[in-house]
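# Per-entry structural report
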Amino acid sequence: MPRIIRAQTAAHSKAETPVATVNTPIKTVHQTNRRHSEGTHILIRNNRFSRNETAMHAVPSPFDEMPFLWGSAIAAYQCEGAWNEGGKGLSEWDYFNAIDWMNVNGVDARVASDFYHRFEEDLDLIAEGGQNALRLSLSWSRILPGGTGRANEEGLSFYDRVIDGCLERNIEPNVVLLHYDLPYPIALKGGWGNTSIADAFGDYARICFERFGDRVRLWSTLDEPQFYSYNANIAGVYPPCRKADVHSYLQWQYNEMLASAKAVAIYHEMNLPGAIGVVHNDSLIEVATGTNNPAEVYTAADFFNNRMILCPALEGRLPPELDEMLEKLGTFLYRVPDEAEAFAAGKGDYLNLNVYARRYVTDWNNSPTSAKVDSVGGGATMEGQAVAPLYETLVDPSVPHNQWGREILPRIMHDSLMDIKERYGNPIVLTENGHGSLETPDDSGYVEDDDRIEIIGAFLKSLSEARNEGSNVRGYYIWSAMDLYSWVNGYKKRYGLVRVDFDHDLIRIPKKSWAWYRDFISRDAARRADA
Ligand code: BG6
């Protein structure tokens, strides 16, 4: 069994943690046995950078008035379809998918799951499935067809109907302002590479808050700014498909978080009765034993994957290690003069965390910067990355992988939540977790997705452990409410609790997992009521 080196988890008390100051090298590496799957682990006390303890923004927490949120998630471009209806403008993905040689699976989301026309049916299935929450995103191009300027009333009123439809069914809407589908006119101006996007995003955010802020209590600025930038600038599978471009990768994240900060500041100025944050993904870093420089590898991988997002989002500042890391990576950023004030004003109220996999890393072994992703499926390629000259990922042979080469390791749910609690401390909503799979329905269209039930069940057990150990997690959403367009993976990779028959009039058929999740939610409610 391989041993791994981990960041501190709640299993280890704060008393063991050495006092940390910025620029104090990490020296302490402890070895311990853990009850989880792989056996022996080594813990790194990762306190090189002190936590920024400044008070959170003083807003009334809407969570105090909410039950635990059990829901599912969707995103505008992946499910709405109606790509040119209702006054919608062109998004970057509409454009990109029309370029044959870029579109590896040969499909697009012009129709997708047709949520635009069938959202009432989808909301019914969410409510009948016992769920009390839905995470969805708004399409910037539907609301502002030109990216900036005049808002499109038809687009706004579509989202009025969706939000009201949620509330009528006692479904708490959790709204993301942007989930990858940038308006094409903004992409034409350099998109996330251009710092002025922050102002355009702020203007768009203000329109959404003014229109929906009376009814929506949970907001996110951006979905997965790190993963979005990674796919666009390192893996090269999302537009504009740059490969191993570390400068753009980091510049995007800087600009994304500047835009996010602007939206958060506007939201707080408006004094609305809700909370706002960002969605981040897959934050857990684990370092393989045998690694020569575990502390350095950990710090580098944490910076590269997490810190450009989590420090602005939860601490209102850029990572203290930014300059040092830029120098090591041999790159630089274009920075705005008032960045300290902008990031300080843009600190969020909570974190939305998506948990699918961890980052399992070791020393850099002279490979050029690169990413391995599998957009077709079949299991031949394992996900991974090399970041010269800092670290590389490893394939852990003891951990099963899905058909797209991604680890299936449910105990990371607990470890990710406790890691965030220890290091950042804010309330968390677990906004995505799920299982992508190739599925074959029976003759009636029913899918017995026992693999999804087993895997999500194990993740939920791990979530429950974290809740019992004091993680401030306030909700959990399965990706996804129904089958939808899985970006470059197309439609064969299914995540939904409800099957969408893309070949036969987009008929909805709840899968076995839909009923299983409904029963799980009701059992959890009964258990907690008895406790
Ligand atoms: C998340 C995204 O990272 O993972 C979703 O927020 C995405 O948009 C989901 O669909 C699953 O990823 P993929 O690439 O398998 O569709």
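The preceding data block contains the structure.
Residues numbered from 1 in each chain as written. Predicted model: local features only at pLDDT ≥ 70, side-chain atom pairs only at ≥ 80, totals over all residues. Heavy atoms only, no water.

### As for the site of the ligand
As a matter of local geometry, the ligand sits amid 14 residues, with His-179, Glu-224, Ser-486, Lys-493 and Tyr-495 nearest to it. For the ligand, an oxygen atom lies 2.7 Å from a polar atom in the side chain of His-179. Summarising the interface, the protein chains cover 96% of the accessible area of the ligand, which totals 370 Å² for the free molecule. When each cavity is represented as a set of grid points, the ligand is found to reside in the largest cavity. (Near = heavy atom within 4 Å. Polar contact = N/O pair within 3.5 Å; in protein donor to acceptor, adjacent residues only side chain to side chain. Areas by Shrake-Rupley, 256 points an atom, 1.4 Å probe, with all protein chains shown as cover. 1 Å grid on protein atoms, 1.4 Å probe; cavity = no way out; pocket = protein on both sides within 12 Å on 5 of 7 lines; lining within 4 Å. Sits in = over half its atoms within 2 Å of the grid points.)

### Points about the nonpolar core
Within soluble globular proteins, side chains that are nonpolar generally end up buried alongside one another. Ranked by internal contacts, the top residues of the largest apolar core, which has 156 residues, are Trp-219 and Tyr-476. Here this core gets 13 residues from one element, more than from any other, and that element is helix H9 (residues 246–269). (Core = buried A, V, L, I, M, F, W, Y, C linked by side-chain atoms within 4.5 Å. Buried < 20%, exposed > 50% of the residue type's maximum accessible area, 1.4 Å probe, protein only. Helix = DSSP H or I, 4+ residues; strand = E, 2+ residues; numbered from the N terminus.)

### Some thoughts on empty space enclosed by the protein
What the rule picks out here adds up to seven cavities of 30 Å³ or more. Estimates place the volume of the largest cavity at around 380 Å³. Here the lining of the largest cavity is built from residues that sort into 11 nonpolar, seven polar and eight charged. One number sums up the size of the second largest cavity: a volume of about 320 Å³. Elements supplying a minimum of two residues to the lining of the second largest cavity: helix H8 (225–233), strand E11 (359–363) and strand E13 (384–387). In terms of residue class, the lining of the second largest cavity is made up of seven nonpolar, six polar and seven charged. (Points joined across faces, edges and corners; volume = space filled by probe spheres on them. Nonpolar A, V, L, I, M, F, W, Y, C, P; charged D, E, K, R; others polar.)

### Some thoughts on the pairing of strand E15 (residues 428–432)
Most of E15 is tucked away: five of the five residues are buried. In this structure, strand E10 (residues 350–354) lies alongside E15, joined through four bridges in parallel fashion. Paired with Leu-351 across the two strands is Ile-428, which belongs to E15. Since E15 and strand E16 (residues 473–479) lie parallel, the crossover through helix H14 (residues 450–468) that links them has a hand, and here it is right-handed. (Pairing = 2+ DSSP bridges. Right-handed = clockwise from strand over helix to strand, strands pointing away.)

### Observations concerning the packing of aromatic side chains
Applying the stated rule across the entire model yields 39 aromatic pairs. Measuring from ring centre to ring centre gives 6.5 Å for Trp-70 and Tyr-517, while their planes differ by 85°; the resulting arrangement is edge-to-face. Taken together, the positions of Trp-70 in strand E4 (residues 69–73) and Tyr-517 in helix H15 (residues 512–530) put the pair 447 residues apart, joining distant regions of the chain. Of the two residues, Trp-70 and Tyr-517, both sit in the buried class. These aromatic residues form a ring-pair network of at least three members: Tyr-77, Trp-93, Phe-96, Tyr-180, Tyr-228, Tyr-238, Trp-252, Tyr-485, Trp-487, Tyr-491 and Phe-502. Against the face of Trp-83 rests Arg-110, its NZ or CZ located 4.5 Å from the ring centre. Just above the ring of Tyr-356 sits the side chain of Arg-406; from NZ or CZ to the centre is 5.4 Å. (Phe/Tyr/Trp six-rings, centres within 6.5 Å; stacked < 30°, edge-to-face > 60°. Lys NZ or Arg CZ within 6 Å of the ring centre and 35° of its normal.)

### A closer look at the packing of helix H3 (residues 115–128) against helix H5 (residues 153–168)
In contact at an axis separation of 10 Å, H3 and H5 are set at 5° when each is read in the N-to-C sense. When the axes of H3 and H5 are compared, the pair comes out roughly parallel. Contacts between H3 and H5 involve Phe-115, Tyr-116, Phe-119 and Leu-123 from the first element and Phe-158, Arg-161, Val-162, Gly-165 and Cys-166 from the second. In terms of residue class, the contact of H3 with H5 is built from seven nonpolar, one polar and one charged. (Axes fitted to C-alpha atoms, helices over the stretch in contact; angles between N-to-C directions. Parallel < 35°, antiparallel > 145°, perpendicular 65-115°, else oblique. Contact = heavy atoms within 4.5 Å.)

### A closer look at the pairing of strand E17 (residues 498–501)
The side-chain alternation of E17 yields two buried faces, one formed by Val-498 and Val-500 and the other by Arg-499 and Asp-501. Examined bridge by bridge, E17 and strand E18 (residues 507–510) share four bridges and lie antiparallel to one another. Paired with Arg-499 across the bridge in E18 is Ile-509. The antiparallel pairing of E17 with E18 creates a hairpin that spans five residues between the two strands, and Asp-505 there sits at a positive phi of about 55°.

### Describing the environment of Gly-71
In this fold, Gly-71 is placed in strand E4. In sequence terms Gly-71 and Gln-131 are 60 residues apart; their C-alpha atoms lie 4.9 Å from each other. When sequence neighbours within four positions are dropped, the list of residues in contact with Gly-71 reads Gln-131, Ala-133, Tyr-476, Tyr-477, Ile-478 and Tyr-517.

### Quick word on the sheet that holds E15
Pairing is parallel around the closed barrel formed by eight strands, whose spatial order is E4-E5-E6-E7-E8-E10-E15-E16. Neighbour to neighbour, the strand axes of the sheet diverge by 25° on average, direction disregarded. One ladder, built from four bridges, connects strand E7 (residues 218–223) with strand E8 (residues 275–281); its direction is parallel. Each residue of the ladder has a partner; that of Trp-219, found in E8, is Ile-276. Packed onto the sheet, helix H7 (residues 197–212) meets strand E6 (172–178), E7 and E8 and runs at close to 160° relative to E6.

### Notes on the pattern of salt bridges
Scanning all chains against the criterion turns up 43 salt bridges. Measuring nitrogen to oxygen at the nearest pair gives 2.5 Å for the salt bridge that ties Asp-302 to Arg-423. Of this pair, Asp-302 sits in helix H10 (residues 294–315) while Arg-423 sits in helix H13 (residues 412–423), and the two are 121 residues apart along the sequence. Arg-423 shares its class with Asp-302; the two are buried. Each of the salt bridges in this network shares a partner with another, and the network as a whole consists of Glu-153, Asp-160, Asp-164, Arg-211, Asp-214 and Arg-215. (Salt bridge = Lys/Arg side-chain N within 4 Å of Asp/Glu carboxyl O.)

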